[in-house]
Amino acid sequence: MKYMILTYASQQDYDGMAGQDSGKPAWSEQDFAAMGAFMEKFNADLAESGELVETRGLAAPALTRRIGSKNGEPVVTDGPYAETQEVLAGYWVVECDSFDRAVEIASRLGDTPAPEAVRATAYADIRPIMEGREDLLG
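Each value, and the rule that gives it
- Residues numbered from 1 in each chain as written.
- Predicted model: local features only at pLDDT ≥ 70, side-chain atom pairs only at ≥ 80, totals over all residues.
- Heavy atoms only, no water.
- Phe/Tyr/Trp six-rings, centres within 6.5 Å; stacked < 30°, edge-to-face > 60°.
- Helix = DSSP H or I, 4+ residues; strand = E, 2+ residues; numbered from the N terminus.
- Buried < 20%, exposed > 50% of the residue type's maximum accessible area, 1.4 Å probe, protein only.
- Pairing = 2+ DSSP bridges.
- Axes fitted to C-alpha atoms, helices over the stretch in contact; angles between N-to-C directions.
- Contact = heavy atoms within 4.5 Å.
- Polar contact = N/O pair within 3.5 Å; in protein donor to acceptor, adjacent residues only side chain to side chain.
- Patch = residues over 30% accessible without salt bridge, like charges linked within 9 Å, V, L, I, M, F, W, Y side chains within 5 Å.
- Areas by Shrake-Rupley, 256 points an atom, 1.4 Å probe, with all protein chains shown as cover.
- Salt bridge = Lys/Arg side-chain N within 4 Å of Asp/Glu carboxyl O.
- Lys, Arg positive; Asp, Glu negative; His and termini not counted.
- Charge placed at Lys NZ, Arg CZ, Asp CG, Glu CD.
- pLDDT = per-residue confidence, 0-100.

K.L.:
Is there a simple way to think about the packing of aromatic side chains in this case?
P.N.:
Each aromatic ring pair is described using two quantities: the centre-to-centre distance and the angle formed by the ring planes. Per the counting criterion, the structure on display carries five aromatic pairs. Relative to W92, the ring of F42 lies with its centre 5.5 Å away and its plane at 80°, an arrangement referred to as edge-to-face. Pair noted here: F42 is in helix α2 (residues 29–49) and W92 is in strand β5 (residues 87–95), with a separation of 50 residues, a long-range link. The exposure classification of F42 matches that of W92, with both residues buried.

Below is the structure:
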């Protein structure tokens, strides 16, 4: 079974990683390097176990465009969005034996090095990936 592990951040988090004033403590070069090293090992371990299908980090929310509709016409809005504090920051697709194993994998993300203000609000969602319409009925 395949599962998607989703992580979240805010524009403030992206700004802090870039060394910009964000209202939260800025990331040091050491913080950023430690996070990068952790993620490289995390991904390498999943690849070695054969459980990693794909992983990607996403660009900052300020670079987002939201497509909606108004009166049947497409409407494009540039991000970030004041009504949305947190946005998808990255994801992993893993293929493993059970939901419990996917939760175990995602739980390791709690060890990601980061400033305490970031770690205090970090979380991940784990969702099964459907293979077809029949999965909606099951």
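K.L.:
I keep staring at unusual backbone geometry and nothing clicks. Help me out?
P.N.:
The residue N71 is not glycine, and still its phi comes out positive at about 55°. Structurally, the position occupied by N71 is in the loop between β3 (65–70) and β4 (73–78).

K.L.:
Looking at this structure, how should I read the sheet that holds strand β2 (residues 52–57)?
P.N.:
Sheets are built from strands paired through backbone hydrogen bonds, the pairs being either parallel or antiparallel. The strand order β2-β5-β1-β6 describes an open sheet built from four strands, whose pairing is antiparallel. Every interior strand has two partners, whereas the edge strands, β2 and β6 (124–128), have only one. Strand-to-strand twist across the sheet, computed as the mean angle between neighbouring axes with direction ignored, equals 20°. Direction of pairing for β2 relative to β5: antiparallel, over a ladder of five bridges. Directly across from E54, in β5, lies its bridge partner V93. Together, β2 and β5 form the strand contacts of α2, whose direction differs from that of β5 by roughly 25°.

K.L.:
I'm lost on the side chain of D13 in this one. Help?
P.N.:
Of note, D13 is situated in helix α1 (residues 11–17). Take D13: its relative accessible area is 10%, and that puts it in the buried class. Polar contacts involving the side chain of D13 include one to the main-chain amide nitrogen of S10, which spans 3.0 Å. Among all residues touching D13, those that are not within four sequence positions of it are K24, W27 and V118.

K.L.:
Just checking my understanding: could you explain a negative patch on the surface for this structure?
P.N.:
Taken together, the side chains of E95, E131, E134 and D135 define an acidic patch exposed on the protein surface. Mapped onto the elements of the fold, E131 is located in the loop between β6 and α5 (134–137).

K.L.:
Just to check I follow, could you spell out the pairing of strand β1 (residues 2–9) for this structure?
P.N.:
The side chains of a regular strand alternate, residue by residue, between the two faces of the sheet. Two elements, β1 and β5, share eight bridges in a ladder whose sense is antiparallel. Of the residues in β5, the one forming a bridge with L6 is Y91.

K.L.:
Just to check I follow, could you spell out the confidence of the model for the protein for this structure?
P.N.:
For any part of a model where pLDDT is low, the fine detail of the predicted coordinates should not be relied upon. Averaged over every residue, the pLDDT of the protein is 90; the share at 70 or more is 96%. Confidence scores differ between elements of the protein, with α5 showing the lowest mean pLDDT of 78 and helix α3 (residues 99–107) the highest of 98.

K.L.:
Looking at this structure, how should I read the pattern of salt bridges?
P.N.:
Two side chains bearing opposite charge may form a pair once their charged atoms approach each other closely. In the structure shown here, the tally under the stated rule is seven salt bridges. For the salt bridge of D45 with K41, the shortest nitrogen-to-oxygen distance reads 3.0 Å. Of this pair, D45 and K41 both sit in helix α2, four residues apart, which is roughly one turn of the helix.

K.L.:
Would you mind going over the environment of S10 with me for this structure?
P.N.:
Relative to the elements of secondary structure, S10 occurs in the loop between β1 and α1. Given the relative accessible area of 4%, S10 is considered buried. C-alpha of S10 to C-alpha of L88: the two residues are 78 residues apart in sequence and 8.5 Å apart in space.

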